[in-house]
Amino acid sequence: MEIVIIGSGNLATQLSLALSEAGHHIGQIYSRTEAHASELAAKLGCRYTTDISQISAEAEIYIISVKDDAIGSLAEAVGKRAKNAIVVHTAGSIGMDVLKGKAFHYGVLYPMQTFSKSHRVGFREIPCFIEASGCEELAVIRSLAESVSDHVVDCDSAKRKKMHLAAVLACNLTNHCYRLAERVLESEQIDFCLFLPLIAETARKVSVMSPKAAQTGPMVRYDLSVMEMQMDMLPDERTREIYRLMAESIHEDSKS
């Protein structure tokens with residue numbers, strides 16, 4: 001397919017590279033930031049622009065992968081330029097209706113994964129959740145998604161928002177806990193890499209048992225002597241409050 005990518009961030013970068021490797025032609029990159037647009041365009045061997053009014057009108061699909069509050073205005077600009085194309089956004093937390101009235105043919109392709117520009121991921125393993133304004137549009141978006149992923153699932157906006165919320169809890173909050181642990185270790189100049197086997201085993205366990213069954217440690221037992229000692233070692237009140245809230249949540253869930 002002939003594709004234009006609107007955006008040059010983490011997701012836009014990884015998705016466009018995967019689509020290109022799957023045989024699709026990325027004709028153009030749009031980004032407000034010229035350095036980012038030119039960098040991604042160079043990787044893909046395509047043109048770029050920083051002026052949304054100058055995007056190509058020839059593509060079959062326009063994939064909008066930008067911050068959530070910019071999707072609507074960019075979709076409107078794209079819809080005016082390419083009235084017969086399919087306009088797709090990639091956001092987990094934004095409904096498909098943000099595209100309604102801005103494009104005749106539209107939908108969603110949400111890859112549920114954490115992305116960084118510098119770290120390539122195996123896209124075939126990533127679940128992609130799709131939705132569309134009609135059956136024909138859905139078939140095209142499914143074909144596009146299946147060209148890069150082995151796990152393509154129909155999912156309406158309400159369910160996708162819940163999926164994104166769960167992803168934030170499972171990924172972003174978990175990663176912040178890694179960061180809090182890293183800060184504790186930094187004070188003693190201990191290498192965080194020593195904790196990678198622990199993190200890997202924690203992730204492996206939930207592939208064979210439920211997260212509830214996999215939970216261990218003083219918070220499950222509600223071992224107050226250990227918990228109070230650990231809270232006293234934490235560097236600030238905010239981190240101590242996070243610890244307290246998590247301890248209460250873990251313990252209450254273990255008893256439910």
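Residues numbered from 1 in each chain as written. Predicted model: local features only at pLDDT ≥ 70, side-chain atom pairs only at ≥ 80, totals over all residues. Heavy atoms only, no water.

**With respect to a nonpolar patch on the surface**
Residues Ile190, Leu194, Phe195 and Leu198 make up a contiguous nonpolar surface patch of roughly 380 Å² in combined accessible area. Relative to the elements of secondary structure, Ile190 occurs in the loop between helix H5 (157-186) and helix H6 (196-205). Ile190 sits in the partly exposed class, given a relative accessible area of 37%. (Patch = residues over 30% accessible without salt bridge, like charges linked within 9 Å, V, L, I, M, F, W, Y side chains within 5 Å. Areas by Shrake-Rupley, 256 points an atom, 1.4 Å probe, with all protein chains shown as cover. Salt bridge = Lys/Arg side-chain N within 4 Å of Asp/Glu carboxyl O. Helix = DSSP H or I, 4+ residues; strand = E, 2+ residues; numbered from the N terminus. Buried < 20%, exposed > 50% of the residue type's maximum accessible area, 1.4 Å probe, protein only.)

**Quick word on helix H1 (residues 10-21)**
Between its first and last C-alpha, H1 extends 17 Å over 12 residues, near the 16 Å set by a 1.5 Å rise per residue. The buried fraction of H1 amounts to 9 of the 12 residues, a majority that puts the element mostly inside the structure. Among all positions of H1, only Leu11, Ala12, Thr13, Gln14, Leu15, Ser16, Leu17, Ala18 and Leu19 are buried. In the core, the buried residues of H1 are packed alongside strand S1 (2-6), strand S2 (25-30), helix H2 (34-44), strand S4 (61-64), strand S6 (105-111) and helix H4 (135-146). In the stretch just after H1, Gly23 is the one whose phi turns positive, near 105°. (Expected span 1.5 Å × (residues − 1). Contact = heavy atoms within 4.5 Å.)

**Some thoughts on the pattern of salt bridges**
Pairing between side chains of opposite charge can happen when their charged atoms approach one another. The tally for this structure, following the rule as stated, stands at 11 salt bridges. The shortest N-O distance in the salt bridge between Arg179 and Glu182 comes to 2.8 Å. Within this pair, Arg179 and its partner Glu182 are both found in helix H5, separated by 3 residues, close to a single helical turn. The exposure class assigned to Arg179 is partly exposed, which follows from its relative accessible area of 34%. Accessibility expressed as a relative area gives 28% for Glu182, which makes it partly exposed. Glu186 is paired through a salt bridge with Arg179; the nearest N and O atoms lie 3.3 Å apart. A network of salt bridges, in which partner residues are shared, links Glu237, Arg240, Glu241 and Arg244.

**Things to note about the sheet that holds S2**
Taking strand neighbours across the sheet as the criterion, the 8 strands line up as S3-S2-S1-S4-S5-S6-S7-S8 in an open arrangement whose pairing is mixed. Each edge of the sheet is formed by a strand with only one pairing partner; in this case those strands are strand S3 (47-49) and strand S8 (151-154). For this sheet the average axis-to-axis angle between neighbouring strands, irrespective of direction, equals 25°. Judged from the 4 bridges that link them, strand S7 (residues 127-132) and S8 form a sheet pairing that is parallel. In the strand pairing of S8, Cys128 is matched with Val152. (Pairing = 2+ DSSP bridges. Axes fitted to C-alpha atoms, helices over the stretch in contact; angles between N-to-C directions.)

**A word on the side chain of Glu137**
For Glu137, the location among the structural elements is in helix H4. Buried and unpaired, Glu137 has no salt bridge, with Arg142 as the nearest side chain of opposite charge at 11 Å. One polar contact links Glu137 to His105, side chain to side chain, over a distance of 2.7 Å. Sequence-distant contacts of Glu137, defined by excluding residues within four places in its chain, comprise Ile86, Phe104, His105, Tyr106 and Ala132. (Lys, Arg positive; Asp, Glu negative; His and termini not counted. Polar contact = N/O pair within 3.5 Å; in protein donor to acceptor, adjacent residues only side chain to side chain.)

**A look at the packing of aromatic side chains**
Applying the stated criterion to the full structure yields 3 aromatic pairs. Taking 5.8 Å as the distance between ring centres and 20° as the angle between the ring planes, the aromatic pair formed by Phe115 and Phe123 counts as stacked. For Phe123, a relative accessible area of 7% gives the class buried. Aromatic side chains Phe192 and Phe195 sit 6.5 Å apart centroid to centroid with 5° between the ring planes, which places their arrangement in the stacked category. Exposure remark for Phe195: the relative accessible area of 31% places this residue in the partly exposed category. (Phe/Tyr/Trp six-rings, centres within 6.5 Å; stacked < 30°, edge-to-face > 60°.)

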